[in-house]
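A closer look at the structure
Letter by letter, the chains look like this.
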Amino acid sequence: MMPRPSALAVTLFVALTGTVIACGGDDDEGGSGGHSADGGGGGGDDSSCRGAFTFLQKDAYRATAGRSTDLWPPHTTTTLAWSCADGTEADSFQANHGTEPGATDANGDVFLVEAGRLAVEGSAADLTALSAAFDACACGTSFLSLDALEDDVVQDLVAELSQYILDNLTCAGDVDAQDLVDRLEQGQIESVIAALPNCTWSSGFDLEGGFDEALAATLSAVSETLADYHVCNNDAALQAKLVEGYVATGEVTACDGADALCSGPMWFFAP
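Residues numbered from 1 in each chain as written. Predicted model: local features only at pLDDT ≥ 70, side-chain atom pairs only at ≥ 80, totals over all residues. Heavy atoms only, no water.

With that settled, the discussion passes to helix α4 (residues 177-185). Residues Ala-177, Leu-180, Val-181, Leu-184 and Glu-185 constitute the buried set of α4. Around the axis of α4, the buried residues are gathered within 135 degrees of arc, so they sit on the same side. Two to three positions downstream of the cap, the backbone nitrogen of Gln-178 sits 3.2 Å from a side-chain oxygen, assigning the N-cap of α4 to Asp-176. One or two residues past the end of α4 sits Gly-187, with phi positive at roughly 80 degrees. (Buried < 20%, exposed > 50% of the residue type's maximum accessible area, 1.4 Å probe, protein only. Helix = DSSP H or I, 4+ residues; strand = E, 2+ residues; numbered from the N terminus. Arc of directions from axis to C-beta. Polar contact = N/O pair within 3.5 Å; in protein donor to acceptor, adjacent residues only side chain to side chain.)

Following this line, the structure appears as structure tokens:
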């Protein structure tokens with residue numbers, strides 16, 4: 001019988017699955033977005049406005065800055081900044097339930113690193129409309145957090161994911177699957193990330209599948225489904241769809257919080 005997870009293990013699993021930390025990862029989780037604007041020509045017809053939509057990422061739950069491996073879930077924050085020849089400018093971000101741009105770790109290093117960007121241009125009126133749509137762009141499904149699940153349910157999730165790892169992961173060297181599970185439950189994230197490249201999943205299995213299987217099994221007991229929830233990366237993908245649509249058509253279409261991109265946690269996201 002698997003031992004009952006400690007409080008730390010419960011917190012860790014919430015982090016792992018994106019319920020909190022895959023959409024954060026440090027202590028700065030207060031705001032979901034921000035916006036600043038300046039200039040005298042806002043809403044004007046000047047077509048010489050240019051800027052960029054940027055993806056910023058860090059390793060989920062990891063207490064140090066940066067993105068170290070695609071094998072580990074990321075947190076994704078997005079920004080939209082632009083300026084015009086007449087001085088009109090705007091700078092917005094969506095923290096997506098987690099880390100804000102500029103937040104630093106204990107070493108003073110900025111948590112979030114750039115993972116991709118998309119150039120935008122148009123009139124001040126067009127980009128002002130795009131910024132307004134971006135500021136309002138978020139999934140309408142429930143954000144998966146501690147507030148969304150009872151503690152006993154989260155403990156069940158710990159057991160489900162741990163068993164999935166033990167059944168389907170093989171590790172070489174000094175760390176085996178049991179060691180990996182033990183380190184996860186003890187919160188040794190740096191050690192887990194370092195060991196992952198030496199581990200191999202059985203054919204047809206992966207960490208994303210483990211998250212889905214564990215969560216689906218647990219939610220079934222409370223008559224909910226994966227489709228009822230999203231994590232930070234779903235919000236980032238929806239925001240990207242908004243900006244990509246503008247770049248392709250020159251028109252701003254408001255985000256739909258019921259978009260299929262919001263249906264089920266997007267544990268991994270590579271811009």
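Okay, the packing of aromatic side chains next. Taken as a whole, this structure holds six aromatic pairs when the rule is applied. Arranged with centres 6.0 Å apart and planes meeting at 85 degrees, the rings of Phe-53 and Phe-134 form a pair that is edge-to-face. Of this pair, Phe-53 sits in strand β2 (residues 49-59) while Phe-134 is found in helix α2 (residues 124-135), placing the two residues 81 residues apart along the sequence. Considered together, Phe-53 and Phe-134 belong to a single accessibility category, that of buried residues. Here a set of aromatic residues connected by ring pairs shows up, and it is made of Phe-53, Phe-55, Phe-134 and Phe-269. (Phe/Tyr/Trp six-rings, centres within 6.5 Å; stacked < 30°, edge-to-face > 60°.)

Our next topic: helix α7 (residues 232-249). Taking 1.5 Å of rise per residue, the 18 residues of α7 would be expected to cover 26 Å, and the 26 Å separating its terminal C-alpha atoms lies within 8% of that figure. Those residues of α7 that sit buried are Cys-232, Asn-233, Asn-234, Asp-235, Ala-236, Ala-237, Leu-238, Gln-239, Ala-240, Leu-242, Val-243 and Tyr-246. (Expected span 1.5 Å × (residues − 1).)

Disulfides are covalent bonds that connect the sulfur atoms of two cysteines. Tallied over the full model, the rule gives four disulfides. One disulfide bridge connects Cys-137 with Cys-255, the sulfur atoms lying 2.0 Å from each other. Classification of the bridge connecting Cys-137 and Cys-255 rests on its S-S torsion, roughly -90 degrees, and on that basis the disulfide is left-handed. With a gap of 118 residues between them, Cys-137 in the loop between α2 and β6 (142-143) and Cys-255 in the segment after α7 connect regions that are remote in the sequence. (Disulfide = S-S within 2.5 Å.)

Attention now moves to the nonpolar core. Ranked by internal contacts, the top residues of the largest apolar core, which has 27 residues, are Trp-72 and Leu-180. Only α3 (151-168), β7 (169-171), α4, α5 (189-195) and α6 (207-219) provide two or more residues apiece to this core. With 25 residues, the next largest nonpolar core counts Trp-82, Cys-137, Ala-240 and Val-243 among its residues. (Core = buried A, V, L, I, M, F, W, Y, C linked by side-chain atoms within 4.5 Å.)

Caution is warranted with low-pLDDT regions, since their predicted coordinates should not be read in detail. With 81% of its residues at a pLDDT of 70 or more, the protein chain shows a mean pLDDT of 83. For residues 1-22, every residue scores under 50 in pLDDT, and the model assigns this stretch 67 contacts once sequence neighbours within four places are set aside. Throughout residues 40-44 the model reports pLDDT below 50, and contacts reaching past four residues in sequence, or to other chains, amount to 11 contacts. (pLDDT = per-residue confidence, 0-100. Contact = heavy atoms within 4.5 Å.)

Our focus in this paragraph is a negative patch on the surface. A contiguous patch of negative charge on the surface is contributed by Asp-156, Glu-160, Asp-167 and Glu-213. Broken down by element, the negative patch gets its largest block of residues, three residues, from α3. Relative to the helices and strands, Asp-167 is located in helix α3. (Patch = residues over 30% accessible without salt bridge, like charges linked within 9 Å, V, L, I, M, F, W, Y side chains within 5 Å. Areas by Shrake-Rupley, 256 points an atom, 1.4 Å probe, with all protein chains shown as cover. Salt bridge = Lys/Arg side-chain N within 4 Å of Asp/Glu carboxyl O. Lys, Arg positive; Asp, Glu negative; His and termini not counted. Charge placed at Lys NZ, Arg CZ, Asp CG, Glu CD.)

All right, on to the pattern of salt bridges then. What the rule picks out here adds up to six salt bridges. Residue Glu-121 is joined to Arg-50 by a salt bridge in which the shortest nitrogen-to-oxygen separation is 3.8 Å. Of this pair, Glu-121 sits in strand β5 (residues 113-122) while Arg-50 is found in strand β2, placing the two residues 71 residues apart along the sequence. Of the charged contacts in the structure, one is a salt bridge between Asp-259 and Lys-241, with a shortest N-O distance of 2.6 Å. Residue Asp-259 is located in the segment after α7, and its partner Lys-241 is located in helix α7; the two are separated by 18 residues in the primary sequence. On the accessibility criterion, Lys-241 (43% relative accessible area) is partly exposed. Because the salt bridges share partners, they merge into one network encompassing Asp-59, Arg-62, Arg-67 and Glu-190.

Once that is clear, we can look at unusual backbone geometry. Phi angles above zero are rare outside glycine, and Asn-96 is one such case at about 55 degrees. Here Asn-96 is to be found in the loop between β4 (89-94) and β5. Taking the relative accessible area as the measure of exposure, Asn-96 reaches 3% and is therefore buried.

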